[in-house]
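# Fold and contact review
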Amino acid sequence: MLGNDITNKLLKTNPYSLVFSFSLVLIGCLGPMLIPPLHISVVYYFWSNYNRAINKHLCSCSCWDSIFKGPYESGVASYKHVYFNSTSNSFKIWTLTVTCIILLYESTRRLTKLVLQKRVRYSMTLLFVSSMFSHYYSWWMFFNYWNDEYYFQWYHQVFFSVTEVVSSAQVLLLADRQVGLTVARTLPVVTIAFIHILASCSDQFFHNVLQGEGYSYQVVRDIGFMISDLLHVMIPLWHLKNQKQTNRIQNRDWIYFFLTVIMGLMVVYFL
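Here's a quick rundown of the structure. (Residues numbered from 1 in each chain as written. Predicted model: local features only at pLDDT ≥ 70, side-chain atom pairs only at ≥ 80, totals over all residues. Heavy atoms only, no water.)

### Some remarks on the overall build of the protein chain
In terms of regular secondary structure, the protein chain is built from 9 helices and 0 strands. Secondary structure elements of the protein chain occur, N-terminal to C-terminal, as α-α-α-α-α-α-α-α-α. Its C-alpha radius of gyration of 23 Å places the protein chain more than 25% over the 18 Å reference for a compact globule of 271 residues. Along the longest, intermediate and shortest principal axes, the C-alpha atoms of the protein chain span 70 × 65 × 30 Å. Burial analysis of the protein chain (271 residues in total) assigns 33% to the buried set. For the protein chain, the proportion of contacts with a sequence separation of at least 24, taken over those separated by at least 6, is 66%. For the protein chain, the exposed area adds up to about 18,100 Å²; of that, 66% sits on carbon and sulfur atoms. (Helix = DSSP H or I, 4+ residues; strand = E, 2+ residues; numbered from the N terminus. Rg over C-alpha atoms; globule rule 2.2 N^0.38 Å. Buried < 20%, exposed > 50% of the residue type's maximum accessible area, 1.4 Å probe, protein only. Contact = heavy atoms within 4.5 Å. Areas by Shrake-Rupley, 256 points an atom, 1.4 Å probe, with all protein chains shown as cover.)

Here is the structure:
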């Protein structure tokens, strides 16, 4: 009876709304499905020289606790496509990964819904798309921190990751054209990006790109970060410039801006 009731409700539902909902789900799934294989393809392009042939019949892993296999396999394990140990760090990696997948799915679903409803602000959508590389890089760094138990520049990465999340949350809000582009909503995005630019120009971007000391993958990585940050500065400021006089940046806003930038750079320096 319950199955018949559900079927009857679906039949009575507008077919266009079903297609709309299915489209949102499908597009929302594309990011989590396609980004990791794309990442591995890029890594293979830059690091293919380090690739080595694996003999599946002779290789083994003595670092695997084999807990999840139980009585089926223990001790030195044979070849597996994926090994994982039942540790607290594995739990952290799993929790972070699931959280990131859900956030990416919901963000993509929201933007797709705004596009289909003709309410999307494309400039903010561009900002969000440009920031996906930074977010994915953050996930990958935390994955490696916990996986390798090597925490060099941990707090430095936490600062950049948290501020990137705050900025993207604001960008997602402003992607809706029904949400006004006020100074209070827009200037934080500019401030965070400006802190990232100054911090990068005094560190990795300066050495790897400007001085030409970085490997090719480091140059591509740092340029990708810089392009996203520059867009997060220029596009919101362009929007604010075209606002009415009453909604433009005032002198007090610039004071708050520079004070926040200075505080942010101090945090980066001490980290």
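### A look at unusual backbone geometry
Residue Lys118 is not a glycine yet carries a positive backbone phi of 55 degrees. Along the chain, the position of Lys118 falls in the loop between helix H3 (88–116) and helix H4 (122–148). Its identity as a non-glycine residue notwithstanding, Glu149 has a phi of 55 degrees, on the positive side. For Glu149, a relative accessible area of 58% corresponds to the exposed category.

### Concerning the packing of aromatic side chains
How two aromatic rings sit relative to each other is set out by the distance from centre to centre and by the angle between their planes. Considering all chains together, one arrives at 23 aromatic pairs under this definition. Ring geometry for Tyr145 versus Trp154: centroids 5.5 Å apart, planes at 70 degrees, classification edge-to-face. Note on accessibility: Tyr145 and Trp154 belong to one class, buried. (Phe/Tyr/Trp six-rings, centres within 6.5 Å; stacked < 30°, edge-to-face > 60°.)

### Quick word on a nonpolar patch on the surface
Taken together, the side chains of Leu26, Ile27, Leu30, Met33 and Leu34 present a nonpolar region at the surface, about 450 Å² in accessible area. Topologically, Leu26 is positioned in helix H2 (residues 15–47). On the accessibility criterion, Leu26 (46% relative accessible area) is partly exposed. (Patch = residues over 30% accessible without salt bridge, like charges linked within 9 Å, V, L, I, M, F, W, Y side chains within 5 Å. Salt bridge = Lys/Arg side-chain N within 4 Å of Asp/Glu carboxyl O.)

### Details of the environment of Ala193
Residue placement: Ala193 occurs in helix H6 (residues 183–201). Spatially, the C-alpha atoms of Ala193 and Phe160 are 10.0 Å apart, while their sequence positions differ by 33 residues. Not counting chain neighbours up to four residues away, the residues in contact with Ala193 comprise Asp229, His232 and Val233.

### As for the side chain of Thr97
Locating Thr97 in the fold gives a position in helix H3. A distance of 2.7 Å separates a polar atom in the side chain of Thr97 from the backbone oxygen of Ile93. (Polar contact = N/O pair within 3.5 Å; in protein donor to acceptor, adjacent residues only side chain to side chain.)

### Considering the packing of H4 against helix H5 (residues 154–174)
Look at H4 against H5: their axes get within 10 Å of each other, and the N-to-C directions meet at 150 degrees. Classed by the angle they form, the pair H4 and H5 counts as roughly antiparallel. Where H4 crosses over H5, the two elements pack in a sense that is left-handed. Only Trp154, Gln157, Val158, Ser161, Glu164, Val165, Ser168, Val171, Leu172 and Leu174 of H5 make contact with H4, whose side of the interface consists of Met124, Leu127, Phe128, Ser131, Ser134, His135, Tyr137, Ser138, Met141, Phe142, Tyr145 and Trp146. (Axes fitted to C-alpha atoms, helices over the stretch in contact; angles between N-to-C directions. Parallel < 35°, antiparallel > 145°, perpendicular 65-115°, else oblique. Left-handed = near helix turned anticlockwise from the far one by under 90°.)

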